[in-house]
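Observations on the model geometry
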Amino acid sequence: MIERFSRSGTLPAMHTDTLTPPDLTWQEEALCAQTGGDFFFPEPGSSVREAKRICGMCPIRATCLEYALTNDMRFGVWGGLSEKERLELRRTGRP
Ligand code: SF4
């Protein structure tokens, strides 16, 4: 059966042949890519204020937040929301 769907007949080959990679071109406009990831993945208990300020100016904020929620990104600031805020958004519909 696997041979029908893959060139080499291996399971990994089947996956690479059938899965469509996600379109991540929106990340090219990410402001955080220009500032570095330290603000966005701070040590536990550290402030996320600067990351949120940058997100507030980011042209792809909504797309970023949707990506984080869809892909269950557990760590860091995405789309202007911290981990706790995304969890709250999932739970109550409000950050
Ligand atoms: S919204 Fe924030 S985390 Fe998302 S791409 Fe923009 S700067 Fe980065």
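The following paragraphs examine the structure supplied in this document. Please read these numbers as outputs of a predicted model, since none were measured by experiment.

This brings us to the nonpolar core. In this structure, W26, A30, C58, I60, C64, A68 and W78 together form the largest nonpolar core, which totals seven residues. If sequence neighbours within four positions are ignored, C58 has contacts with E29, A30 and L31. Counting five residues, the second largest nonpolar core, distinct from the first, contains F40, I54, C55 and V77.

All chains considered together, the criterion is met by two aromatic pairs. Ring centres of W26 and Y67 lie 5.3 Å apart, and the angle between their planes is 55°; on these two criteria the pair is classed as tilted. Pair noted here: W26 is in the loop between α2 (11-18) and α3 (32-35) and Y67 is in helix α5 (residues 61-70), with a separation of 41 residues, a long-range link. Its relative accessible area of 14% is what places W26 among the buried residues. A ring pair is formed by Y67 and W78, whose centres lie 5.8 Å apart and whose planes are at 35°; its orientation type is tilted. Pair noted here: Y67 is in helix α5 and W78 is in the loop between α5 and α6 (83-92), with a separation of eleven residues, a long-range link. Exposure remark for W78: the relative accessible area of 15% places this residue in the buried category. Pairwise contacts between aromatic rings join W26, Y67 and W78 into one cluster.

Reading the values: rules and limits
Residues numbered from 1 in each chain as written. Predicted model: local features only at pLDDT ≥ 70, side-chain atom pairs only at ≥ 80, totals over all residues. Heavy atoms only, no water. Core = buried A, V, L, I, M, F, W, Y, C linked by side-chain atoms within 4.5 Å. Buried < 20%, exposed > 50% of the residue type's maximum accessible area, 1.4 Å probe, protein only. Contact = heavy atoms within 4.5 Å. Phe/Tyr/Trp six-rings, centres within 6.5 Å; stacked < 30°, edge-to-face > 60°. Helix = DSSP H or I, 4+ residues; strand = E, 2+ residues; numbered from the N terminus.

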